[in-house]
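# Analysis of the macromolecular model
Now for the letters of each chain:
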Amino acid sequence: MERYICIHGHFYQPPRENPWLEAVELQDSAHPYHDWNERIIAECYAPNATSRILDGEDRIVQLVNNYTKISFNFGPTLLAWMVRYAPNIYQNILEADKESQEIFGGHGSALAQAYNHMILPLASPRDKRTQILWGIRDFEYRFERKPEGMWLPETAVDLESLDILSEQGILFTILAPRQAKRVRPIGKKEWQDVSGARIDPTMPYVQNLASGRKIVLFFYDGPIARSVAFEGLLESGESFAGRLLGGFSEKRNWPQILSIATDGESYGHHHRHGDMALAYALHYIESNGLAQLTNYGAYLEKHAPTHEVEIFENSSWSCVHGVERWRKACGCNSGKHPGWNQKWRAPLREALDWLRDALATTYADKARSFFKEPWKARDEYIQLVLDRSPENTKRFFDRHALRALNPEESITALKLLELQRQAMLMYTSCGWFFDEISGIETVQVMQYAGRALQLAEEVHGDLLKPRFVELLEKAKSNIPEHKDGKRIFEKFVTPAAVDLEKVGAHYAMSSLFGDYTEHASINCFCVDREVYQKSEAGKVKLALGRVKVTSEITAESVRLCFGILHWGDHNLSGSVRECAEDEPHEAAIREISETFGRADFPGALRLLEKHMGASTYSLSTLFRDEQRKILGIILQATLADVEGVYRQVYENNAPLLRFLKAIYVPPPSALHTAAEYVLSASLRKAFEDKELNLDSIASLLGNANLEGVSLDAATVEMAVRKRLEAMAEEFREKPEDYSLLQALDTVTSLLRDLPFEVNLRKIQNLFYAVLQTAYPEFQKKAEKEEAAREWVRLFTSLGEKLYVRV
């Protein structure tokens with residue numbers, strides 16, 4: 001009897017973004033829980049599109065594209081992030097779906113997902129429909145085909161959501177085994193109770209719906225999925241393969257499908273090298289003919305369901321109490337904070353439900369003045385979210401507007417639609433999932449609410465915030481300093497809010513530290529420079545100008561005049577105000593500039609306040625990433641002084657450090673700190689230099705070893721990795737350049753001497769790309785040409801150093 005295996009990886013978690021900027025802020029030291037950095041995001045949200053296969057000796061024997069062989073879904077907000085921050089991986093995902101269609105008879109491995117991971121059973125009927133429609137439209141836009149299946153956030157399910165899925169042409173979804181209530185063969189009367197996760201997960205089932213529609217449900221194998229996610233099964237590819245095959249039974253007389261579903265991050269982020277174990281297991285099973293790899297759509301085409309099922313409504317895969325984790329203190333939490341409670345969940349949902357309903361009234365009252373069918377316009381707004389070009393915006397209004405709208409009306413209409421988008425984003429499930437209301441995930445959903453409140457006030461004059469924060473006050477924090485939801489909102493949400501004037505201030509201040517073009521893009525805003533002048537007097541700088549700032553989301557714009565003084569350290573003083581296009585500005589600029597030119601800085605500041613208004617902006621006003629970038633520039637001189645002091649201490653005491661190590665005496669912390677700082681800084685610079693000095697690098701590593709100095713592994717590893725990645729990128733573009741191959745091989749040979757592991761993921765992928773494209777040609781030429789034989793020899797040597805067998 002036929003045996004099939006289908007592995008599903010679910011990737012949804014949207015990176016933390018500022019809703020006002022439509023951008024991810026990679027660094028946010030202002031929030032105690034926000035520890036994102038470039039490497040974490042790269043590992044968690046940009047998983048390897050080409051994963052490695054290990055043999056029994058933990059050596060890589062080949063690479064395959066796992067996404068062509070497994071079923072997967074990526075949340076639309078995550079894919080939108082990838083377009084901007086990880087475009088190569090985004091393209092790999094799209095290509096993997098196309099390749100999977102070729103492998104599996106036209107059935108792609110990608111599944112759609114309800115738009116922003118809202119718990120659908122707890123959503124309003126209107127929001128359920130929009131979430132599903134948006135998820136489908138987003139999928140069609142990116143994957144250029146209709147989705148066959150859709151992933152339900154947290155597999156949270158109710159019959160109404162299933163009916164909407166079926167109505168919209170979705171053929172199937174995936175549930176946890178404990179969500180099944182009872183089953184029976186199609187056409188039979190007697191039901192079999194399968195509660196308690198006793199359903200047989202090796203066949204598909206039909207759920208009949210009250211409307212007369214139906215939908216197919218796959219139930220994944222719970223014990224195996226749990227072992228993958230939580231019990232270390234991915235530590236061994238061989239064990240993983242054996243466990244998958246152990247899910248089949250000779251007693252079953254139907255074509256069995258062994259299906260597991262876990263967070264996709266299990267394969268490499270949650271479990272280091274988990275992608276290797278997955279790749280090995282798939283390779284082992286497929287190459288030995290032990291089962292057929294498939295996806296859900298391909299299996300369903302060949303094997304129609306023979307049984308029907310009834311589900312437990314309001315159930316999910318991540319809350320044993322149903323969907324209570326997202327509306328009250330049910331007892332589900334991370335387990336990391338004994339003594340904490342989650343009583344805040346209920347008042348948070350109460351506050352957001354109140355706000356949702358109030359915003360729905362605002363939208364309905366105001367939108368009927370602009371749209372033929374306001375709620376249909378909201379359902380179709382995803383078309384603008386995906387493409388906000390003027391041409392597409394015009395097409396949208398041509399279809400939905402009651403009449404030709406003037407510019408002011410169009411701005412209001414777009415704000416109304418955006419208000420509704422934010423009102424759905426604020427229900428992203430992770431806001432309730434974890435332990436504490438002041439956690440980054442919950443603050444994120446509050447920020448979406450904050451943006452919706454701002455838009456409601458702008459379009460309708462609604463002052464909903466007082467009542468909203470009053471409701472939030474009932475949500476008590478486990479951390480005394482945060483007190484409750486109201487204080488958290490005021491502490492972390494209100495300061496994050498952005499308006500056009502704040503964007504203008506950001507532009508003005510950051511222009512002192514870098515050059516903008518006449519037409520600049522700052523996240524979801526466009527800034528057109530009309531007048532600009534920058535002056536310097538020693539360390540002090542002055543910027544004066546006039547700009548037009550436009551929102552790409554709502555098309556609202558404002559003209560701003562500004563003046564910014566930078567005093568040479570972290571202190572900036574700035575004034576920004578709205579001004580008319582024809583307002584005389586030249587005389588003020590001339591007067592301020594002349595005063596600044598005489599080094600009368602207090603006088604220049606007085607004139608700034610006279611012409612621009614009181615100084616209200618400082619470095620703390622800058623958007624987080626730019627703020628950190630500018631602080632880095634400002635701190636360069638200070639850090640150079642610090643390094644000079646440390647270097648003197650280190651050079652004077654290096655022989656003493658060697659002596660102390662030789663007699664097994666720990667060095668004083670002051671000496672060890674100085675040595676670590678200097679050697680780590682020197683190694684970083686050596687790998688960042690245009691010309692690599694391999695002898696110098698070897699000497700520095702030798703000194704660290706002789707002196708017993710531990711290096712700053714995180715920063716040195718990043719410098720090494722970035723250099724290797726840049727070299728590998730260049731080699732991929734010019735594989736025929738033997739000198740590039742030689743240099744890459746030489747630098748890679750240094751890895752064995754490093755006292756830490758370098759993340760070779762991207763370098764291995766780039767090597768694999770050359771292996772797939774250029775290598776076959778060189779291998780063929782090597783039969784006749786000595787140069788090609790040498791290239792193949794060195795390329796093979798490089799593969800060994802990267803743990804990739806050619």
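## Observations regarding the packing of aromatic side chains
Summed over all chains, the structure comprises 34 aromatic pairs. Ring geometry for Trp326 versus Phe433: centroids 6.5 Å apart, planes at 40°, classification tilted. Note that Trp326 is positioned in the loop between β16 (307-311) and α10 (345-367) and Phe433 in helix α15 (residues 430-433), a separation of 107 residues in sequence. Judged by centre distance (5.8 Å) and plane angle (80°), the ring pair of Phe396 and Phe397 falls under edge-to-face. Each member of the pair, Phe396 together with Phe397, is buried. Between Arg325 and the ring centre of Phe433, over which it is positioned, the NZ or CZ distance is 3.6 Å.

## Things to note about the pattern of salt bridges
For the structure shown, the criterion picks out 47 salt bridges. With its nearest N and O atoms 3.0 Å apart, the salt bridge here joins Lys415 to Glu556. A residue pair is termed long-range when its members are at least 10 positions apart, and Lys415 in helix α14 (residues 407-425) and Glu556 in the loop between β19 (540-551) and β20 (557-566) qualify at 141 residues. Exposure remark for Glu556: the relative accessible area of 27% places this residue in the partly exposed category. Salt-bridge contacts for Arg559 lead to Glu530; the nearest nitrogen and oxygen are separated by 2.8 Å. Of this pair, Arg559 sits in strand β20 while Glu530 is found in strand β18 (residues 525-537), placing the two residues 29 residues apart along the sequence. We classify Arg559 as buried; its relative accessible area is 16%. Taking the relative accessible area as the measure of exposure, Glu530 reaches 32% and is therefore partly exposed. Via salt bridges that share partners, Glu22, Arg388, Glu418 and Arg421 belong to a single interconnected network.

## Quick word on the sheet that holds β19
As summarised here, the arrangement of the five strands in space is β17-β18-β19-β20-β21, forming an open sheet in which the pairing is antiparallel. Two strands lie at the open edges of the sheet, namely β17 (519-522) and β21 (572-578), each paired on one side alone. Across the sheet, the axes of successive neighbouring strands diverge by a mean angle of 30°, strand direction being ignored. As defined by bridge partners, β19 adjoins β20 across ten bridges and the pair is classed as antiparallel. By the bridge assignment for β20, Thr550 is matched with Ser557.

## Quick look at the nonpolar core
Counting residues in each nonpolar core, the largest one holds 99 residues, and the members touching the most others are Phe371, Phe468 and Val549. Here this core takes nine residues from helix α16 (residues 440-460), the largest share from any one element. Not counting residues within four places of it along the chain, the set of residues in contact with Phe371 comprises Tyr363, Ala377, Phe396, Phe397, His400, Ala401, Leu402, Ala413 and Leu417.

## A few points about the state of the cysteines
Applying the stated criterion to the full structure yields one disulfide. Across the disulfide, Cys561 is cross-linked to Cys579 (sulfur-sulfur distance 2.4 Å). The chirality of the disulfide connecting Cys561 with Cys579 is right-handed, given an S-S dihedral of about 100°. Remark: Cys579 occurs in the loop between β21 and α20 (586-597) and Cys561 occurs in strand β20; sequence separation between them is 18 residues. Each member of the pair Cys561 and Cys579 is classed as buried. With no disulfide of its own, Cys524 lies closest to Cys526 among cysteine sulfurs, the gap being 9.2 Å. Classification of Cys524 as buried rests on a relative accessible area of 5%.

## A short note on a nonpolar patch on the surface
Among the surface-exposed residues, Leu656, Phe659, Ile663 and Val665 lie close enough to one another that they form a single nonpolar patch of about 340 Å² accessible area. Relative to the assigned elements, Leu656 resides in helix α22 (residues 624-662).

## Quick word on empty space enclosed by the protein
Unfilled space is identified by rolling a water-sized probe across the atoms. The tally for this structure, following the rule as stated, stands at four cavities of 30 Å³ or more. By volume, the second largest cavity amounts to about 50 Å³. If you trace the second largest cavity, you find it lined by Ser71, Gly108, Ser109, Ala110, Leu111, Arg145, Glu148, Gly149, Phe172, Asn295, Tyr296 and Gly297. Among the secondary structure elements, those contributing two or more residues to the lining of the second largest cavity are β7 (110-113) and α9 (296-302). Counted by class, the lining of the second largest cavity contains four nonpolar, six polar and two charged residues.

What counts and how
- Residues numbered from 1 in each chain as written.
- Predicted model: local features only at pLDDT ≥ 70, side-chain atom pairs only at ≥ 80, totals over all residues.
- Heavy atoms only, no water.
- Phe/Tyr/Trp six-rings, centres within 6.5 Å; stacked < 30°, edge-to-face > 60°.
- Helix = DSSP H or I, 4+ residues; strand = E, 2+ residues; numbered from the N terminus.
- Buried < 20%, exposed > 50% of the residue type's maximum accessible area, 1.4 Å probe, protein only.
- Lys NZ or Arg CZ within 6 Å of the ring centre and 35° of its normal.
- Salt bridge = Lys/Arg side-chain N within 4 Å of Asp/Glu carboxyl O.
- Pairing = 2+ DSSP bridges.
- Axes fitted to C-alpha atoms, helices over the stretch in contact; angles between N-to-C directions.
- Core = buried A, V, L, I, M, F, W, Y, C linked by side-chain atoms within 4.5 Å.
- Contact = heavy atoms within 4.5 Å.
- Disulfide = S-S within 2.5 Å.
- Patch = residues over 30% accessible without salt bridge, like charges linked within 9 Å, V, L, I, M, F, W, Y side chains within 5 Å.
- Areas by Shrake-Rupley, 256 points an atom, 1.4 Å probe, with all protein chains shown as cover.
- 1 Å grid on protein atoms, 1.4 Å probe; cavity = no way out; pocket = protein on both sides within 12 Å on 5 of 7 lines; lining within 4 Å.
- Points joined across faces, edges and corners; volume = space filled by probe spheres on them.
- Nonpolar A, V, L, I, M, F, W, Y, C, P; charged D, E, K, R; others polar.

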